[in-house]
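# Remarks on the overall topology
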Amino acid sequence: MELSNLPQGQRDLLDSLRDAIVAIDEEKARNVAEAIVNEEMDPNTAIRYSIAHAAVKVGEKFDSGEYYLPHLVMAGDLMDEVGTILGRNIPSDQIGEKKVIVIGTVQGDMHSVGKNLVSTMLKSGGFQVHDMGVDVASMAFIDRAKEVNADMIALSSLLTTTMPYQKEVIDDLASMGLREKFKVIVGGGPVTEHYAKEIGADGYAKDAVEALREVKRLLA
Amino acid sequence: MRLSFWEVLQRTKEGPIVEEKQFDLSIFKKVGELQRKYDIKYDPEKPLDVSGDLADRVYQAGIEFFLDMGTYCTTTRRVIKLTERELQAEIASSPDHVELGQGEDRIKVVHRDVEGDQEPIVVAGIQTAPFSDEEMMFKITKGCAMDRCVDGIWGGILLKIDGKYDVIAGTPSEIYQYRKMVAIMRKAIEAAGRPGMVIINNAPTSLATIAMYGEESGLRRTDGIETTGISEVKVAYDDLNRSAFGLANGMHIHGSHSSVIGGFSATPEGAAIVAVAGALQLVAVHKAESFRCGVTEALVKSRVTRKELWAAGTAIQGLSRNTRLIVDGSIGDHPAAGPGTKQYFYESAAGHIVSTVMGGHSTQGTRKYVVGTVCNYGTPLESRWMGEVCKGAVGMDRATANRIVKYLLAIYEDRLADAPEGETFEKLYDQEKLEPLPHYQRLYEEVKEELRGQGLHFRE
């Protein structure tokens, strides 16, 4: 349903839910989500409007330095919780599936900060993210991607001597006949767009904000 | 009496199990509480705490943070905690000086006071950046080691074996190549006439780090060993492997940890508190005798932003004023600008002035923030600059440092996001004479003269 066709009271509820998520006001967000369910409003409209717009707003606040990584994590958790409340009124055959991303820092590399930022940014951007942590073996990425039927594998590396593992994942996917099944995006301190192209990655991002944009483009 | 390393290890197996995400979020909550309790406020107009009062409160908050939060072991997912008595014993028993290197090149690394006249140790060299080939690695390392204001050298990387095979962390190639690179560095410092000079290097895995040691042509016991804490306030067994090797061989252990502005520390105030806590972790958990007390900013590719200078400088000052520990500042080690540019020198100077004046050494080499796979991305002249600035800032008072830093920030602060890339060694140096090309030497002298005019007293 178009937002402009909704009664003012219902539009106010959607705005209120969006604002509560952006402010990370957990109690208010839960209450408004319950009110939306009780009003028997279309939950998909609430998800598309309130949660999606809140995700954009939270990302902007992070980009401008107003919000920090913990805010992204908390906002992401709240979006999950609110989504579950709203989802109660969606028939199982109408549940829109989130795109699935497996992310981690490659083998031999313990750096987590950049990967955490991207992981959290993607989650708050509406993706289902499986964060495998740091020092993840190439085959473990592939196994998990197969297991969760992922759409994308996102690989972080902060060391020049661990960058080759990004290539290894791509090469292994090709060897296993799985290259077309998963998009692959790479990033991390020493990784460049040129290197990403050279190893055959589908995408590259230089920071967390760009990563969200690039993932949305690749999985559109 | 200090807590033994083996008791620490036991606690990694017996401490409470905590979900990593909950630990991360509790960092954010705890620094918020402590910021309010100790009235810690970042003022962009004052990039340095000139009185020391704020630094003392940051130190106290860091102690409280470390005692309440502990260190998260990512290997066992357990939290290692110390009692206040245990922590104070660690701080009191840690040495206030160590000696590194051999023969005439042996150096004494001591606790430095704020505005102190103790000699800051400068370990330069193009830290962990790739070299195109063995000859280039030898040349550049030799050039860095020849400079008398440089006390030690950091290792770089050769990305290919036989010019063909990738060096990959966690594989046999890493062990082979890192060991081979140390042999090249050792030849280079011998050729520079400084055979006993300290070499620092740290491979991605502990296995390859340990494999670099060998008294003849490898790292020596007198070079010490590096161990790192994971950002923020975490450790893995791979880090503790390095400590165990150092302890077993009676070696000096140097630690490194960085808090993250924009990360779970969130604010500059939070990052200053967590920087102190991270330093205490390195002493108590890793058994480091000296440590890099670092701060980085999540969204900016430079380590000398106004916020970073304030947070790292305040944390270093707090540790220097309240303990006898050996603090490594190294704030100017990762400028956004590349070599061959004035901005590189400005950024580097701001960081190293703050490190030195606040009571730190500078042992983390020279390197543009992100190098990627560009080879030979640095020259000995940046090492000389690091040394000249650190030694020149000895005895400077905080008010003068604050004024110079504000002057430098005004020049480079708005150019961090689009910092000039600079040039490689080949474009900046005469490769036979190992001297800067005239245009680079002129640029260096111009910046030096400019800073001399601002009150930085370079040694002649």
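### As for unusual backbone geometry
All names here are of chain B. Cis geometry is found at the peptide bond from S231 to E232, where omega equals 0°. At E115, a residue that is not glycine, the phi angle is positive and equals roughly 60°. Note that E115 resides in the loop between β4 (107–110) and β5 (123–124). A count of 21 C-beta atoms within 10 Å places E115 in the buried class. Its identity is not glycine, yet K287 carries a phi of approximately 65°, on the positive side.

### Brief notes about the pairing of strand β12 (residues 225–228) of chain B
All names here are of chain B. Residue alternation in β12 divides its side chains into two sets, I225 and T227 and E226 and T228, and both sets are buried. Relative to strand β14 (residues 253–261), β12 runs parallel, the two being bridged by 4 bridges. Bridge pairing in β14 links E226 to H254.

### Describing helix α7 (residues 164–175) of chain A
For α7(A), with 12 residues, the first-to-last C-alpha span of 16 Å sits near the 16 Å given by 1.5 Å per residue. Buried residues of α7(A): P164(A), Y165(A), Q166(A), K167(A), E168(A), V169(A), I170(A) and L173(A), and no others. Of the surrounding secondary structure, the elements contacted by the buried residues of α7(A) are α6 (138–147), β3 (152–156) and β4 (183–187) of chain A together with β10 (165–166) of chain B.

### Re the interface of chain A and chain B
Between chain A and chain B, the contact holds 23 residues from the first and 29 residues from the second. Looking at the side of chain A that touches chain B, the elements with two or more residues in it are α4 (69–87), α5 (113–124) and α7 of chain A. When residues in the side of chain A that touches chain B are grouped by element, the largest group, 3 residues, is from α4(A). Each residue belonging to the side of chain A that touches chain B can be placed in one class, and the counts come to 12 nonpolar, 9 polar and 2 charged.

### What to know about the environment of R306(B)
Residues and elements named next belong to chain B. Tracing the sequence through the fold places R306 in helix α10 (residues 306–322). The buried category is assigned to R306, around which 20 C-beta atoms lie within 10 Å. When the C-alpha positions of R306 and P436 are compared, they lie 31 Å apart, and in sequence the two are 130 residues distant. Excluding its chain neighbours within four sequence positions, the residues that come into contact with R306 are P44, P47, L409 and E413.

### Remarks on the domain arrangement of chain A
Residue and element names in this part refer to chain A. Each domain of chain A was delimited in the assignment, giving domain 1 (6–94) and domain 2 (100–218). Contacts between the two partners involve 11 residues from domain 1 and, on the opposite side, 10 residues from domain 2. At 6 residues, the largest contribution of residues to the side of domain 1 that touches domain 2 is made by α4. For the side of domain 1 that touches domain 2, the class distribution of residues is 8 nonpolar, 2 polar and 1 charged.

### Overview of the sheet that holds strand β13 (residues 234–235) of chain B
Residues and elements named next belong to chain B. If you trace the 3 strands from one edge of the open sheet to the other, you get β2-β1-β13, paired in mixed fashion. Strands at the two margins of the open sheet, each flanked by one partner only, are β2 (78–80) and β13. Pairing geometry for strand β1 (residues 71–73) and β13, over 2 bridges, is parallel. Looking at β13, one finds that Y72 is bridged to K234. With respect to the sheet, helix α1 (residues 5–14) is in contact with β1 and β2, its orientation differing from that of β2 by roughly 150°.

Thresholds, definitions, all that
- Residues numbered from 1 in each chain as written.
- Chains lettered and ligands numbered in written order.
- Predicted model: local features only at pLDDT ≥ 70, side-chain atom pairs only at ≥ 80, totals over all residues.
- Helix = DSSP H or I, 4+ residues; strand = E, 2+ residues; numbered from the N terminus.
- Buried ≥ 20, exposed ≤ 12 C-beta atoms within 10 Å, placed from the backbone.
- Pairing = 2+ DSSP bridges.
- Expected span 1.5 Å × (residues − 1).
- Contact = placed C-beta atoms within 7 Å.
- Nonpolar A, V, L, I, M, F, W, Y, C, P; charged D, E, K, R; others polar.
- Domains from an automatic or database assignment.
- Axes fitted to C-alpha atoms, helices over the stretch in contact; angles between N-to-C directions.

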